[in-house]
Amino acid sequence: MITSHSRGNLIIYSNGDWTYSDGATADDSRPCARCGRYPNADGSDACIGHVPGATAACCGHGIEKPYVKYE
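Model, not experiment: these values are computed from the prediction. Position labels on residues start from 1 in each chain and follow its written sequence. Local features are withheld for residues below a pLDDT of 70 in this predicted model, meaning they are given only at 70 or higher, and side-chain atom pairs are given and counted only at 80 or more; totals for whole chains, interfaces and linings count all residues. Values reported for side chains reflect all heavy atoms of the structure, with hydrogen atoms and water molecules removed beforehand.

Draft legend 1. Region of the structure containing the overall build of the chain. Going along the chain from the N terminus, every DSSP run of H or I of four or more residues is numbered as a helix, and every run of E of two or more is numbered as a strand. Of the regular secondary structure elements, the chain holds zero helices and five strands. Written out in order from the N terminus, the α and β elements of the chain read β-β-β-β-β. With the C-alpha coordinates of the chain rotated into their principal frame, the extents come out at 40 × 25 × 20 Å. For the exposure calls, accessible area comes from a 1.4 Å probe over protein chains only, and a residue counts as buried if that area is under 20% of its type's maximum, exposed if over 50%, partly exposed in between. Relative to its full complement of 71 residues, the chain shows a buried share of 24%. Note on contacts: a residue pair is in contact if any heavy atoms of the two residues lie within 4.5 Å. Taking all contacts inside the chain whose residues are at least 6 apart in sequence as the whole, residues at least 24 apart take part in 15%.

Draft legend 2. Inspection of the pairing of strand S2 (residues 9–14) at higher detail. Pairing between strands is defined by DSSP: at least two bridges between the two strands are required. Both strand S1 (residues 2–6) and S2 contribute to a ladder of five bridges, which runs antiparallel. Looking at the pairing, Ser-4 lines up with Ile-11 of S2. Connecting S1 to the antiparallel partner S2 that follows it, the hairpin turn spans two residues, and Arg-7 within it adopts a positive phi of roughly 55 degrees. In the sheet, S2 pairs with strand S3 (residues 17–20) via four bridges, with the strands oriented antiparallel.

Draft legend 3. How the structure looks around a nonpolar patch on the surface. On the surface, Ile-2, Tyr-13 and Trp-18 cluster together into a nonpolar patch covering about 270 Å² of accessible area. Take Trp-18: it is sitting in strand S3. Note on patches: the residues involved have over 30% relative accessible area and no salt bridge, like charges join within 9 Å, and the nonpolar side chains Val, Leu, Ile, Met, Phe, Trp and Tyr join within 5 Å. Per-residue accessibility takes into account occlusion by the displayed protein chains alone, with areas from the Shrake-Rupley method and a 1.4 Å probe. Here, a salt bridge means any side-chain nitrogen of Lys or Arg that lies within 4 Å of a carboxyl oxygen of Asp or Glu.

Now the structure itself:
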């Protein structure tokens, strides 16, 4: 079994499928576990918004340190 997180929600990989800890299919339909917000329409993290020049950014969703990556 492999575990990870999707927007701060625990997900588990078992038998070829990712599921949330409650057994529901992990399909990125859940909001941030910390603030309850969904991603923006452009896919950016609603907690921190669009970061000009960034190739990736994440608020950490209450389980990791936030980060911003630039080219």
